[in-house]
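# Examination of the molecular architecture
Chain residues, written in single-letter form:
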Amino acid sequence: MGLHDAAERNTKQTGLLDSVDSIVSSVQDNPQKLYDLMIKTLENLNAQSGNHGFFKEIMGWIQSNPGSRQWFSNLMSKDPGQLMTVLKNFFGKCAIEWVNKSNFLEKKYGFCPPFTILITPSMRCNLSCPSCYSARQHDSGSPELDLKAMDRIIKGGKEIGVYFYTILGGEPLLLFDDLSEIANRHKDCLFLVFTNGTLITEEMADRLFELKNVIVAFRVNGTREDMESIRGKGIYDKVLKSMTLMKNRNLIYGISLVLTSRNHDSLSRDDFLNFWENQGIVFGWNFLFMPIGEDPDLSLMPTPQQRIRFGEFLKDYRQKHPLFLMDFWSDAPSLNGCVAGGRRFLHINNRGDVEPCIFARHSTHNIHNCTLVEALQSPFFTFIRMNQPHTDNLLRPCMIIDNPEIYRTACKRFHARPTQKGADDLIKDPELVRAIDTYSADVAVLADELWKTRYSEKIDDMRLRKRSYREGIDRIEFTLSSPEFFHRNRKWARYNPRFSRDMLEALTYSEQHYGTDNQRHIQIIKKQEQETQS
């Protein structure tokens, strides 16, 4: 389609990259002075990118947390070579290039590229944790994405503006030679690798120090007792040893948490996070235990009360401590809702199946016989994106456990095939369906009240902008600005009539069905309300 060449001609590119250089050239000179320079540069980047909002979101997080200056100083103290690479690649490619390509692709073709592509090259793992979805999914005959396939995915991603890649497993460091080669071939990209932390050696740490564009996230289940009850005796000390290897080289790394009903109390303590801060981490991600795979243990799902409490705990912690820590559910308002289905990420598994999310194990396309653009414009992915945000309450973003009718409808409507054992149970097993329905309704009772009382600014922002997301088309935009959508859709139809039709059908479905579920469809953004204001 000539997308790469067309976007490269964007006249704003030079000015944006000059702004990035002003940050990079001052790295570690004076952290406090550089903090102010970074904020000013982010303001310029936001304006020069057409007020896209991506850089504004970064500024908002930095300025809203009192610990941000100290966090920024901690980050600036890391290895200068890696810091230069990360800043240059993140701002120059992952952010600026993505924003420019998003603007171009949406204007001309009606879709935006994801910000990151999640890749699981292998389901192999050196551990067998009972609560892990991958533990029962790998065997000696499981296919893997080889170096050639990985390279093709990344080249295809870069053509549409994707320079950030998240590598999952299994245990991805079992394929460290391949990952090292990929990172070396694509020096302009960033790679975030999630690991159980048991395989890092002196040699591996040295190679990470050489590469500079690979960031490691250590999967942490809780305290020593929590971790060893799941992973086995001695694992905790292996993780600490691996972190020490990273710390000795002054590299950037973080942690990944999975909140369960059983580790909630351990994770919800300042001293727990303080401990990992002292090990040298600068970021952390939190996920909820998800009921996926074969015979999932539903008792491990955090209760609605635990989920809400933990989200509030993290926000309070960020107010006091210099740590970038994000929970993908309670912090969903910062992302404007669910970002699966290619909104800001998609997942490619070890077989090449293109999935909406790491937890959404259904697919209609395989990367071995399609392009990324074809997968993004597939009816399955299009339906999911056009129904986002799945509810007017962004604290309940998920189409699997918060708004399950969306995921079930998408899978059935487009005959998406399950990509792992047990995946279809989320759609077809009566007992599991009832359990998820009950859970989602119980979460709504708590989260909806919190949303209405504490998030009025976010609600007003959606009303003012007449949309939820900063990029792409969404349900709110269609509800409040459908004439504008029809005008743009006629232009998009010239390039891909089927995709244009699929968007309209999905948006029409969302308009007809949203509000029919009194338990889950909180109605805050209303078309009549907007017409009255007009």
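Our structure is the block above this text.
These remarks concern the structure in this document. Please read these numbers as outputs of a predicted model, since none were measured by experiment.

The strand order β7-β6-β5-β4-β3-β2-β1-β8-β9-β11 describes an open sheet built from ten strands, whose pairing is mixed. Unpaired on one side and paired on the other, β7 (324-327) and β11 (365-366) mark the two borders of the sheet. Pairing of strand β1 (residues 116-119) with strand β8 (residues 345-348) involves four bridges; the strand directions are parallel. Residue isoleucine 119 lies in a different strand from β8, and its bridge partner there is isoleucine 348. Against the sheet, helix α7 (residues 147-159) contacts β1, β2 (164-167), β3 (190-195) and β8, and its axis sits at roughly 145° relative to β2.

Among soluble globular proteins, nonpolar side chains are generally buried collectively. The biggest cluster of nonpolar side chains holds 155 residues, and the ones touching the most others in it are Trp276 and Ile400. Among the elements that take part in this core, helix α6 (residues 80-109) stands out by supplying ten residues, more than any other. The residues contacting tryptophan 276, other than those within four sequence positions of it, are Val220, Gly222, Tyr236, Val239, Leu240, Met243, Ile255 and Ile281.

This paragraph deals with the packing of aromatic side chains. Summed over the entire model, instances satisfying the criterion amount to 30 aromatic pairs. An angle of 55° between the planes, with centres 5.0 Å apart, marks the rings of phenylalanine 383 and tyrosine 509 as tilted. A residue pair is termed long-range when its members are at least 10 positions apart, and phenylalanine 383 in helix α17 (residues 379-386) and tyrosine 509 in helix α23 (residues 497-513) qualify at 126 residues. Taking relative accessible area as the criterion, tyrosine 509 reaches 13% and is therefore assigned buried. Within the aromatic cluster, the residues linked to one another by ring pairs are Trp71, Phe194, Phe283, Trp285, Phe287, Phe324, Phe328 and Phe359. Geometry around tyrosine 514 places arginine 475 over its ring, the cationic atom sitting 4.0 Å from the centre.

A separate point is the side chain of threonine 195. Locating threonine 195 in the fold gives a position in strand β3. Residue classification places threonine 195 among the buried positions, given a relative accessible area of 0%. Only 3.0 Å separates the side chain of threonine 195 from the backbone nitrogen of glycine 197, close enough to count as a polar contact. Residues within four places of threonine 195 in sequence aside, it is in contact with Glu171, Leu173, Val216, Ala217, Phe218 and Arg219.

Definitions and limits used
- Residues numbered from 1 in each chain as written.
- Predicted model: local features only at pLDDT ≥ 70, side-chain atom pairs only at ≥ 80, totals over all residues.
- Heavy atoms only, no water.
- Pairing = 2+ DSSP bridges.
- Helix = DSSP H or I, 4+ residues; strand = E, 2+ residues; numbered from the N terminus.
- Contact = heavy atoms within 4.5 Å.
- Axes fitted to C-alpha atoms, helices over the stretch in contact; angles between N-to-C directions.
- Core = buried A, V, L, I, M, F, W, Y, C linked by side-chain atoms within 4.5 Å.
- Buried < 20%, exposed > 50% of the residue type's maximum accessible area, 1.4 Å probe, protein only.
- Phe/Tyr/Trp six-rings, centres within 6.5 Å; stacked < 30°, edge-to-face > 60°.
- Lys NZ or Arg CZ within 6 Å of the ring centre and 35° of its normal.
- Polar contact = N/O pair within 3.5 Å; in protein donor to acceptor, adjacent residues only side chain to side chain.

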